[in-house]
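A closer look at the structure
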Number of protein chains: 2
Amino acid sequence: MIAIVGRGNVATHLFEALSNKTEVCMVNPRTLDSLPLDADIILISVSDNAISEIAKKIPQSDAIIAHTSGSIPLEALDTSHNRTGVFYPLQTFTKGVSLDYREIPFFIEGSSPEVIKKLKNLGSLISNNVNMADSEQRKKLHLASVFACNFTNALAGISKQILEEAGIDFSTLIPLMKQTVNKLENLTPEKAQTGPAVRGDSIVIDTHLKMLENQPEFQKIYSLLTQFIKNGQI
Amino acid sequence: MIAIVGRGNVATHLFEALSNKTEVCMVNPRTLDSLPLDADIILISVSDNAISEIAKKIPQSDAIIAHTSGSIPLEALDTSHNRTGVFYPLQTFTKGVSLDYREIPFFIEGSSPEVIKKLKNLGSLISNNVNMADSEQRKKLHLASVFACNFTNALAGISKQILEEAGIDFSTLIPLMKQTVNKLENLTPEKAQTGPAVRGDSIVIDTHLKMLENQPEFQKIYSLLTQFIKNGQI
């Protein structure tokens, strides 16, 4: 029996992914009142700053206690339990948006080879992509994903606002964004880079900066990323 | 007969896309020596700053003269020809990387309804997504695509470097990046935003900034985009 403590996006998606593969239940993190005493693995899937506190409230048992966070070290669970682990899915979860779970990379850490094995088996139930990562590696994975996902989405938000001024629907950019990612399956970002910055096309760059004069925040981001690409730092 | 003047990424891809749909030839932009006198449409697909010059060198004829640039106004072709247009594909072209052309949005502008009709017909040979855009709209499309494509690729480059430090292959981020784009088919960027900045998770943000202390350029980009998201500007 797998118990998922939490009710946010990650908890909900993990429950959905596991529910037709194994016996699984969701547990309210505030009360823990439905926590099954015979759980084999208890996944704590709550906000980072609540993980330790919830772990302390879980009664000691033979269960493996694992969290699902990119940023929190394994040791955060140590104080209250012996068999601890991390079960980190590298993905952006949004309620109501379905996912192909088999493609999601999971990163496992565990307090013993036996814990690692059990968490790997759990990951393999839903994903073809189960890996190991220690707490330092996981922190870097999380940081990298902020650039690749969260910031990419923010850039899409800027694009949308620019297109709105021209009366053009944002959806027109989706094929371009898909191809931007698809290229990275075969090319490094350095080789995949296109656009005025990498060409050193200062006429276009100056025109764009001028177009953004009334949007100083967009202009700052444009300048910084253009300079970064021009400097050959990607 | 369609003549494509150029030999860069866009010219090569347009030639490939059109070659099994209609009669098409590629013309060396330096010499123009193989330019067919009976061409119906001449597509000038060269770097922005060479477009006007090449247009002037093309002998006057009944052909439609069109360029394929996002940034150059239609008027850049006016001085030397009567029937002028723009045939702008919104996509990132890299030699050797194949594409599903039917999904590429094309944006058309023309000096007369007849020119517009002919360029639309040309676009429809290869794409299901042919639209109109005047020069101002096209400039905004190009600017938006710099954020959505060129800058997104640069962020991927940063992610790759962060993962390299942890000995993790960049390919592990591809499913996350794909889902980041897929979500935007159904959600606005505002609703799709996840991560520490939108959650206001200052502990994670401070940890990330500290991790980037030895990479001041990455740190600057992290700060600026985090602030942008925190301010609710996406």
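Below is a short write-up of the structure. Quantities reported herein were computed from a predicted structural model and do not represent experimental measurements.

Conventions and cut-offs
- Residues numbered from 1 in each chain as written.
- Chains lettered and ligands numbered in written order.
- Predicted model: local features only at pLDDT ≥ 70, side-chain atom pairs only at ≥ 80, totals over all residues.
- Heavy atoms only, no water.
- Helix = DSSP H or I, 4+ residues; strand = E, 2+ residues; numbered from the N terminus.
- Buried < 20%, exposed > 50% of the residue type's maximum accessible area, 1.4 Å probe, protein only.
- Contact = heavy atoms within 4.5 Å.
- Areas by Shrake-Rupley, 256 points an atom, 1.4 Å probe, with all protein chains shown as cover.
- Lys, Arg positive; Asp, Glu negative; His and termini not counted.
- Charge placed at Lys NZ, Arg CZ, Asp CG, Glu CD.
- Core = buried A, V, L, I, M, F, W, Y, C linked by side-chain atoms within 4.5 Å.
- Arc of directions from axis to C-beta.
- Least-squares fit on C-alpha atoms with pLDDT ≥ 70 in both.
- Pairing = 2+ DSSP bridges.
- Axes fitted to C-alpha atoms, helices over the stretch in contact; angles between N-to-C directions.
- Buried area = accessible area lost by both parts, 1.4 Å probe.
- Salt bridge = Lys/Arg side-chain N within 4 Å of Asp/Glu carboxyl O.
- Polar contact = N/O pair within 3.5 Å; in protein donor to acceptor, adjacent residues only side chain to side chain.
- Nonpolar A, V, L, I, M, F, W, Y, C, P; charged D, E, K, R; others polar.
- Phe/Tyr/Trp six-rings, centres within 6.5 Å; stacked < 30°, edge-to-face > 60°.

Thoughts on the overall build of chain A
Regarding its fold elements, chain A presents nine helices and seven strands. Looking at chain A as a whole, 57% of its 234 residues are labelled buried. The contacts in chain A between residues at least 6 apart in sequence include a share of 50% that link residues at least 24 apart. When the accessible surface of chain A is split by element, carbon and sulfur atoms take 47% of a total near 9700 Å². In chain A, the 22 positive side-chain charges and the 25 negative ones have mean positions that sit 2 Å from each other.

Side note on the nonpolar core
One recurring pattern in soluble globular proteins is that nonpolar side chains are buried together. Counting residues in each nonpolar core, the largest one holds 82 residues, and the members touching the most others are A:F147, A:L155, A:I221, B:F147, B:L155 and B:I221. B:I221 has contacts with A:F147, A:F151, A:L224, A:L225, A:F228, B:L155 and B:I158, leaving out every residue within four places of it along the chain. Listed in part, the 23 residues of the second largest apolar core include A:L43, A:I108, A:I116 and A:L122.

Comments concerning helix α1 (residues 9-19) of chain B
Residues and elements named next belong to chain B. Within α1 the residues assigned to the buried category are A11, H13, L14, A17 and L18. Looking down the long axis of α1, one finds its buried residues gathered within 170° of arc, a one-sided arrangement. Residues of α1 that are buried in the fold lie against β1 (2-5), β2 (24-27), β3 (41-44), β5 (84-89), β6 (106-110) and α3 (113-126).

A word on the relation of the copies chain A and chain B
In the superposition of chain A on chain B (RMSD 0.0 Å, axial shift 0.0 Å), the rotation amounts to 180°. The transformation relating the two chain copies, once decomposed into turn and shift, fits a two-fold axis. Every residue of chain A has its C-alpha some distance from the rotation axis, and the shortest such distance is that of A:T152, at 2.7 Å. Comparing interface residues between copies, 100% of those in chain A also lie at the interface in chain B; the contact surface is shared.

As for unusual backbone geometry
Residues and elements named next belong to chain A. Even without a glycine there, the phi angle at L32 is positive, about 55°. Topologically, L32 is positioned in the loop between β2 (24-27) and β3 (41-44). A residue is classified by how much of its surface remains accessible, and L32, at 13% relative accessible area, is buried.

Some remarks on the sheet that holds β1(B)
Residue and element names in this part refer to chain B. Taking strand neighbours across the sheet as the criterion, the seven strands line up as β2-β1-β3-β4-β5-β6-β7 in an open arrangement whose pairing is mixed. The sheet is open, and its two borders are formed by β2 and β7 (130-132), each paired with just one other strand. Within the sheet, the average angular offset between the axes of one strand and its neighbour, ignoring direction, is 25°. Against the sheet, α3 contacts β1, β3, β4 (64-67), β5, β6 and β7, and its axis sits at roughly 165° relative to β6.

Considering the sheet that holds strand β6 (residues 106-110) of chain A
Residue and element names in this part refer to chain A. Spatial ordering of the open sheet is given by β2-β1-β3-β4-β5-β6-β7, a layout of seven strands whose pairing is mixed. On the outer flanks of this sheet lie β2 and β7 (130-132), each paired with one strand and no other. Adjacent strand axes in the sheet meet at a mean angle of 25° when their direction is disregarded. Taken together, the four bridges between strand β1 (residues 2-5) and β2 define a ladder with parallel strand orientation. Residue pairing across strands places A3 opposite C25, the latter belonging to β2. Set on the sheet, helix α3 (residues 113-126) makes contact with β1, β3, β4 (64-67), β5 (84-89), β6 and β7; between it and β6 the angle comes to about 165°.

Observations concerning the interface of chain A and chain B
Taken together, the contact pairs 85 residues of chain A with 85 residues of chain B. Taken together, both faces of the contact between chain A and chain B bury some 8400 Å²; the carbon and sulfur share is 72%. Where chain A packs against chain B, one counts six salt bridges. Its salt-bridge partner being A:K140, residue B:E165 comes within 2.6 Å of it at the nearest N-O pair. Across the contact surface, chain A and chain B share 28 residue pairs in polar contact (both at pLDDT 80 or more). Elements that contribute at least two residues to the side of chain A that touches chain B include exactly α4 (135-165), α5 (174-183), α6 (189-192), α8 (202-211) and α9 (216-230) of chain A. Top contributing element to the side of chain A that touches chain B by residue count: α4(A), with 27 residues. Its residues placed into classes, the side of chain A that touches chain B shows 45 nonpolar, 26 polar and 14 charged.

Comments concerning the pattern of salt bridges
Taken as a whole and judged by the stated rule, the model has 22 salt bridges over all chains. Taken together, the shared-partner salt bridges connect A:R83, A:E114 and A:K118 into one network.

What to know about the packing of aromatic side chains
Under the criterion given, the structure shown has ten aromatic pairs over all chains. A ring pair is formed by A:F218 and B:F228, whose centres lie 5.9 Å apart and whose planes are at 70°; its orientation type is edge-to-face. Of this pair, A:F218 sits in helix α9 while B:F228 sits in helix α9 (residues 216-230), which puts the two residues in different chains. Here A:F218 and B:F228 have matching classes, each one buried. A connected cluster of aromatic rings, assembled from ring pairs, spans A:F147, A:F151 and B:Y222.

A look at helix α5 (residues 174-183) of chain B
Within α5(B), eight of the ten residues are buried, which leaves the element mostly enclosed by the surrounding structure. Of all the residues in α5(B), the buried ones are B:I174, B:P175, B:L176, B:M177, B:Q179, B:T180, B:V181 and B:K183. If you follow the buried residues of α5(B), they end up packed against α4 and α5 of chain A together with α4 (135-165) and α6 (189-192) of chain B.

Considering the environment of A:S61
Residues and elements named next belong to chain A. By secondary structure assignment, the location of S61 is in the loop between α2 (51-57) and β4. For S61, a relative accessible area of 39% gives the class partly exposed. The sequence separation of S61 and H81 amounts to 20 residues, and the corresponding C-alpha distance is 8.2 Å. Here A63 takes part through its backbone nitrogen, which lies 3.0 Å from a polar atom of the side chain of S61.

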